[in-house]
Amino acid sequence: MKTSNVLALILLLLYINASTEWPTHTVCKESNLEIYYKSCDPQQDFAFSIDRCSDITSHTFNIRAAIVLRHSIKQLYLKMNLIINGKTVLSYSESLCEPDNPKLIFCGKKKGEHIYYEGPVTLGIKEIPQGEYTVSAVLTNEDRLTVACADFTVKNYLDDYY
């Protein structure tokens, strides 16, 4: 009897691990603009939100983001891709944390530490491109391990920009 209970528990845990797919989260949803994200890291989800979609086109807007680090971040690199109809049309990369030039307050955080950021972000865009597309963002550390990864889906069918 005990062996069958242990076997059932092991099978359940294997099934849960094998079928883990993170939910799609709503960043914001307004009349003709919707932004969603889904973690593309199979081992970890994270929290991200903004107050209003229309804030994105302002010079600076406030975000809230939280994650528990699975890897330390002495160095942190960002890679973003704009994907339209399954094809990457634009790529961008930047070093966010370097040993002599930390650009973010959480540079140097250790594995297991919790990062919570609530505050301003500046994207430098004046308008959100129309249509439906994906922005893929991956943060990796100095060992090329994924710190966070998300695919943002943007649906903008506005006739006029904000």
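Scroll up to find the structure this text is about.
This structure is a prediction, so every number in the text was calculated from the model and none was measured.

Engineer: Is there a simple way to think about a nonpolar patch on the surface in this case?
Structural biologist: Where nonpolar side chains cluster on the molecular surface, the patch consists of Ile 84, Val 89 and Leu 90 and spans about 260 Å² of accessible area. With respect to the secondary-structure elements, Val 89 resides in strand S6 (residues 87-98).

Engineer: How should I be thinking about the side chain of Asp 45 in this particular structure?
Structural biologist: Locating Asp 45 in the fold gives a position in the loop between strand S2 (33-39) and strand S3 (47-50). There is no salt bridge for the buried Asp 45, and the closest opposite charge comes from Lys 38, which lies 9.6 Å off by N-O distance. In this structure the side chain of Asp 45 is engaged in a polar contact, spanning 2.7 Å, whose partner is the side chain of His 25.

Engineer: Would you mind going over the sheet that holds strand S4 (residues 61-68) with me for this structure?
Structural biologist: Two modes of strand pairing occur in sheets, parallel and antiparallel, and in both the strands are linked by backbone hydrogen bonds. The three strands lie next to each other as S3-S4-S8, forming an open sheet whose pairing is antiparallel. Edge positions in the sheet fall to S3 and strand S8 (114-121), since each has one partner strand and no second. Ignoring which end each strand starts from, the neighbouring axes of this sheet average 10 degrees apart. Where S3 meets S4, four bridges bridge the pair, whose relative direction is antiparallel. Bridged to Ile 50 within S4 is Ile 63.

Engineer: Whenever I open this one, the pairing of S2 confuses me. Can you help?
Structural biologist: In regular strands, side chains alternate between the two faces of the sheet. Burial of S2 is extensive: six of the seven residues sit out of reach of the surface. Where strand S1 (residues 25-29) and S2 come together, four bridges link them in antiparallel fashion. The residue bridging Thr 26 from the neighbouring strand is Tyr 36, located in S2. Remark: three residues form the turn of the hairpin made by S1 and S2, two consecutive strands paired antiparallel. Looking at chain direction, S2 and strand S10 (residues 146-156) are connected through seven bridges and run antiparallel. Note on S10: the bridge partner recorded for Ile 35 is Val 154.

Engineer: Would you mind going over unusual backbone geometry with me for this structure?
Structural biologist: When glycine is set aside, most residues are seen to have a negative phi, and most peptide bonds are trans. Backbone geometry places Asn 85, a non-glycine residue, at a positive phi of 55 degrees. The residue Asn 85 is located in the loop between strand S5 (76-84) and S6 in this model. Positive phi values are uncommon outside glycine, yet Arg 144 reaches one of about 65 degrees.

Engineer: Which parts of the structure should I look at to understand the pattern of salt bridges?
Structural biologist: Close approach of charged atoms allows side chains of opposite charge to pair. This structure, assessed with the given rule, holds four salt bridges. Of the charged contacts in the structure, one is a salt bridge between Lys 38 and Glu 21, with a shortest N-O distance of 2.5 Å. Of the two residues, Lys 38 sits in strand S2 while Glu 21 sits in the loop between helix H1 (2-18) and S1, which places them 17 residues apart along the sequence. Relative accessible area serves as the criterion here: at 61%, Glu 21 is assigned to the exposed category. Across the pair Arg 64 and Asp 51 runs a salt bridge whose closest N-O atoms are separated by 3.0 Å. In this pair, Arg 64 sits in strand S4 while Asp 51 sits in the loop between S3 and S4, placing the two residues 13 residues apart along the sequence. In this structure Arg 64 comes out as partly exposed when scored by relative accessible area, which is 24%.

Engineer: When you look at the packing of aromatic side chains in this model, what are you seeing that I'm missing?
Structural biologist: Describing an aromatic ring pair means giving the distance of the ring centres and the angle of the ring planes. In total, this model carries four aromatic pairs according to the counting rule given. Where Tyr 37 meets Phe 48, the ring centres are 6.2 Å apart and the plane angle is 90 degrees; that geometry is what we call edge-to-face. You can see Tyr 37 sitting in strand S2 and its partner Phe 48 sitting in strand S3, a full 11 residues away along the chain. Residue classification places Tyr 37 among the buried positions, given a relative accessible area of 2%. A residue is classified by how much of its surface remains accessible, and Phe 48, at 22% relative accessible area, is partly exposed. Three or more aromatic residues joined by ring pairs form one cluster here, namely Tyr 37, Phe 46, Phe 48 and Phe 152.

Analysis parameters
Residues numbered from 1 in each chain as written. Predicted model: local features only at pLDDT ≥ 70, side-chain atom pairs only at ≥ 80, totals over all residues. Heavy atoms only, no water. Patch = residues over 30% accessible without salt bridge, like charges linked within 9 Å, V, L, I, M, F, W, Y side chains within 5 Å. Areas by Shrake-Rupley, 256 points an atom, 1.4 Å probe, with all protein chains shown as cover. Salt bridge = Lys/Arg side-chain N within 4 Å of Asp/Glu carboxyl O. Helix = DSSP H or I, 4+ residues; strand = E, 2+ residues; numbered from the N terminus. Buried < 20%, exposed > 50% of the residue type's maximum accessible area, 1.4 Å probe, protein only. Lys, Arg positive; Asp, Glu negative; His and termini not counted. Polar contact = N/O pair within 3.5 Å; in protein donor to acceptor, adjacent residues only side chain to side chain. Pairing = 2+ DSSP bridges. Axes fitted to C-alpha atoms, helices over the stretch in contact; angles between N-to-C directions. Phe/Tyr/Trp six-rings, centres within 6.5 Å; stacked < 30°, edge-to-face > 60°.

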